[in-house]
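Okay, here's what each chain looks like letter by letter:
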Amino acid sequence: PLAPPALRRALPLAHTSRGLRAVFLRELRALKIGDHGKWPRSGLARLAARCEGLEVLELDVFYCKYTPRNERIEVMPEAMEAVAKGCRRLRELRMRHCHIRFQTAEVFAKIPTLELIDLSHTNVTDDALSSVLPALPLLRELHISSCKALTPEFFASVFPRLSSLVILGVSEDNLCAAALAGIASAPRLAELDASFCHGVDDAAVTALSAARGLRVVDLSGCLAVTAAG
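Just so we're clear, the structure is a prediction, and the values are computed from it rather than from any experiment. (Residues numbered from 1 in each chain as written. Predicted model: local features only at pLDDT ≥ 70, side-chain atom pairs only at ≥ 80, totals over all residues. Heavy atoms only, no water.)

Turning our attention to the sheet that holds strand β9 (residues 191–193). Ordered by their spatial adjacency, 8 strands build an open sheet running β1-β2-β4-β6-β7-β8-β9-β10, and the pairing between neighbours is parallel. Unpaired on one side and paired on the other, β1 (30–33) and β10 (216–218) mark the two borders of the sheet. Each strand axis lies, on average, 5° off the axis of its neighbour in the sheet, ignoring direction. When β1 meets strand β2 (residues 56–59), the two strands line up parallel, connected through 4 bridges. (Pairing = 2+ DSSP bridges. Helix = DSSP H or I, 4+ residues; strand = E, 2+ residues; numbered from the N terminus. Axes fitted to C-alpha atoms, helices over the stretch in contact; angles between N-to-C directions.)

What follows is the structure in structure tokens.
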């Protein structure tokens, strides 16, 4: 007989039978892959794709002991396609410190259940996200901190179309008044973390005044903001 549900979720995969391991994967709700050097890179997509009930997937290999500190793991389009096909309930996708191809980002649009995306410290560009983010009707939380390739034009063109976005993290980004004006155009934005953005000054703070729904704003470390602003 199968073990009780609580035990099935706690059993190490290596110590279970093939049948029990399959049940374990189907019932798994959250999977974090990172800071653990024993995960073979080639098996990550296959593992995630077998987790039919998965709701949270986190790929953050910055601290993987077998990965050089200056190397980012590249998430291939084929791997993301497998996740999109196998994980039909996925709500949260975190891919911090990964190398993300344009074609990989395009696959995000095939996961309409996504409510949270975290691409902080990645190489994503305007082109990679401009058509993808507005195609996610449930997206309420977005983290793109330290994504240096994103431009003010991206924020101006995309954020007015993010009708469900409530929480945004853009700390350590290259923000300016024009970028903040674009962010302020998000219809339902309520919480903003723009800490340690050295381009944020008094003019940028003024641009945020258009966001009437903002309730929480973090500008700590924005040294160009003065008391007058």
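Structure shown, so let's carry the discussion forward.
Right, let's get into the pattern of salt bridges. Applying the stated rule across the entire model yields 6 salt bridges. Residues E92 and R91 are paired through a salt bridge, measuring 3.9 Å at the closest nitrogen-oxygen approach. Taking relative accessible area as the criterion, E92 reaches 18% and is therefore assigned buried. Judged by relative accessible area, which is 26%, R91 ranks as partly exposed. Across the salt bridge formed by E92 and R94, the nearest N and O atoms sit 3.1 Å from each other. Residue classification places R94 among the partly exposed positions, given a relative accessible area of 23%. Here the salt bridges do not stand alone but share partners, grouping E55, R91, E92, R94 and E115 into one network. (Salt bridge = Lys/Arg side-chain N within 4 Å of Asp/Glu carboxyl O. Buried < 20%, exposed > 50% of the residue type's maximum accessible area, 1.4 Å probe, protein only.)

With that settled, consider the packing of aromatic side chains. We describe a pair of aromatic rings using the distance from one ring centre to the other and the angle between the two ring planes. Tallied over the entire structure, the rule returns 3 aromatic pairs. Ring centres of F154 and F155 lie 5.2 Å apart, and the angle between their planes is 70°; on these two criteria the pair is classed as edge-to-face. Here F154 matches F155 in class, with each residue buried. Pairing F154 with F159 gives two aromatic rings, centres 6.0 Å apart and planes at 90°, and the pair type is edge-to-face. Just as F154 is buried, F159 falls in that class too. Within the aromatic cluster, the residues linked to one another by ring pairs are F154, F155 and F159. (Phe/Tyr/Trp six-rings, centres within 6.5 Å; stacked < 30°, edge-to-face > 60°.)

You can see G221 is positioned in the segment after β10. For G221, a relative accessible area of 22% corresponds to the partly exposed category. Spatially, the C-alpha atom of G221 lies 7.1 Å from that of C197, the residues being 24 residues apart in sequence. G221 has contacts with F196 and H198, leaving out every residue within four places of it along the chain. (Contact = heavy atoms within 4.5 Å.)

Bringing the nonpolar core into the picture now. Ranked by internal contacts, the top residues of the largest apolar core, which has 62 residues, are I144, F155, F159, L168 and L175. Tallying contributions element by element places helix α8 (residues 177–184) first for this core, with 4 residues. Once residues within four sequence positions are removed from consideration, L168 is found in contact with L142, I144, F159, I183, L189, E191, L192 and D193. (Core = buried A, V, L, I, M, F, W, Y, C linked by side-chain atoms within 4.5 Å.)

With that out of the way, let us pick up unusual backbone geometry. Unusually for a residue other than glycine, S146 sits at a positive phi of about 55°. Tracing the backbone through its elements, the reader meets S146 in the loop between β7 (141–143) and α7 (152–158). Of note in this structure, F196 is not a glycine but carries a positive phi near 60°. By secondary structure assignment, the location of F196 is in the loop between β9 and α9 (202–208). Note on F196: relative accessible area 45%, which makes it partly exposed.

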